Amino acid sequence: MLPFPPPFEAVLFDLDGVLIDTTDLHYRLWSEFATRHGYTPSAKELVATNGCRAEETIRNWLGHDLPAEVVEELIIEREWHASRALETEAFSAVRGAREFVRSLQHAGHPIAVATSAVPENARLSLERIGLADMFEVVVTAMDVQRGKPHPDCYLEAAKRLNVKPENCLVIEDSLMGIRAGKASGAQVLALATTFPRETLVELEPSWIAKDFCDLPEWHALEPIAAAG
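Residues numbered from 1 in each chain as written. Predicted model: local features only at pLDDT ≥ 70, side-chain atom pairs only at ≥ 80, totals over all residues. Heavy atoms only, no water.

1. Focus: the sheet that holds strand β8 (residues 207–209)
Here six strands make up an open sheet; going across it, the order is β5-β4-β1-β6-β7-β8 and the pairing parallel. In this open sheet, the two edge strands, each paired with only one partner strand, are β5 (137–139) and β8. With direction set aside, neighbouring strand axes in the sheet form an average angle of 20 degrees. Alignment of strand β7 (residues 187–191) against β8, held across three bridges, turns out to be parallel. Opposite A190, over in β8, you have I208 as the bridge partner. Strands β6 (168–172) and β7 of the sheet are contacted by helix α8 (residues 175–183), whose axis makes an angle of about 165 degrees with β7. (Pairing = 2+ DSSP bridges. Helix = DSSP H or I, 4+ residues; strand = E, 2+ residues; numbered from the N terminus. Axes fitted to C-alpha atoms, helices over the stretch in contact; angles between N-to-C directions. Contact = heavy atoms within 4.5 Å.)

2. Quick notes on the environment of A209
Within the secondary structure, A209 sits in strand β8. Given the relative accessible area of 0%, A209 is considered buried. For the pair A209 and L189, spaced 20 residues apart in sequence, the C-alpha separation works out to 7.4 Å. For A209, the residues in contact, after removing those within four places along its chain, are L189, A190, L191, A192, R197, D214 and L215. (Buried < 20%, exposed > 50% of the residue type's maximum accessible area, 1.4 Å probe, protein only.)

3. A short note on the packing of aromatic side chains
Under the counting rule described, the total for this entry stands at eight aromatic pairs. Where F13 meets F135, the ring centres are 5.7 Å apart and the plane angle is 75 degrees; that geometry is what we call edge-to-face. Of this pair, F13 sits in strand β1 (residues 10–13) while F135 sits in the loop between α6 (119–128) and β5, and the two are 122 residues apart along the sequence. Here the two residues F13 and F135 agree in accessibility, since each one is buried. Where Y39 meets W61, the ring centres are 5.6 Å apart and the plane angle is 20 degrees; that geometry is what we call stacked. With Y39 in the loop between α1 (23–36) and α2 (43–47) and W61 in helix α3 (residues 54–62), this pair connects stretches of sequence that are 22 residues apart. Ring pairs connect the aromatic residues F13, F100, F135 and F212, which therefore count as one cluster. Just above the ring of W30 sits the side chain of R78; from NZ or CZ to the centre is 4.4 Å. (Phe/Tyr/Trp six-rings, centres within 6.5 Å; stacked < 30°, edge-to-face > 60°. Lys NZ or Arg CZ within 6 Å of the ring centre and 35° of its normal.)

4. Quick look at α3
An α-helix turns once per 3.6 residues; consequently, residues spaced three or four apart project the same way. Those residues of α3 lying buried are A54, T57, I58, R59 and W61. G63 occupies a position one or two residues after α3 and carries a positive phi of about 130 degrees.

5. Overview of the pairing of β7
Within β7, five of the five residues are buried, leaving the element largely enclosed by the surrounding structure. Residues Q187, L189 and L191 line one face of β7 and the alternating positions V188 and A190 line the opposite face, and both faces are buried. For β6 and β7, the ladder comprises four bridges, and the chain directions are parallel. Each bridged residue has a counterpart across the sheet, and for V170 the counterpart in β7 is V188. Between the parallel elements β6 and β7, the chain passes through α8 in a crossover that is right-handed. (Right-handed = clockwise from strand over helix to strand, strands pointing away.)

6. Side note on the pairing of strand β4 (residues 111–114)
Side-chain positions along a regular strand alternate between the two faces of the sheet. What you see with β4 is no split at all: I111 and V113 on one side and A112 and A114 on the other are buried throughout. Summarising the sheet, β1 and β4 pair through three bridges and their orientation is parallel. For F13, the partnering residue across the bridge sits in β4 and is V113. With three bridges joining them, β4 and β5 adopt parallel strand pairing. When the sheet's bridge partners are listed, A114 is paired in β5 with V139. Handedness of the β-α-β unit built from β4, α6 and β5 comes out right-handed.

Here's what the structure looks like:
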């Protein structure tokens, strides 16, 4: 495990694709939702759901003029299916995620989750991988007005930890999430768990790693933190 303390005041984690390996499940749930409502998403449209709030995907697929109450019913339906899947289906933590989070927590380092998931599904996901009690702060889609790529969830997480965003490290896997992390002013570590490295490079995150077993040494991060 990496030496501590790292050169950041706090570490802010995305959830799906960063802490839990649910990418295939995520795509399947959205594909099944679309089929139930007579829509056939392209592979590109499925990929675009990464980091996107349910309301945005539903409106993109089924119509931007849908009444708010209809969208709310569709969100409830989709998240009910997601909750049942999270309760019953097999999935795992991203490689090295548990050890990394527990090391930070053991060292007393402030950590938070900032996710586009709804509260119940965020709770279920963290419970299933044994990290439900590790985080001081969990910011979900219900806590902010705007979803990723807007920085709101990371700004809120930093605020709740009483840390300036520019002194945080954001760990993300999605393109929307990387944009959100950068827009917040934080340094961003991108994990190539959902998108290939060559795609992530285009967004110019501060660092890219395969997973938590492939992280840069903290001493390599110090000059960037000191310059911020």
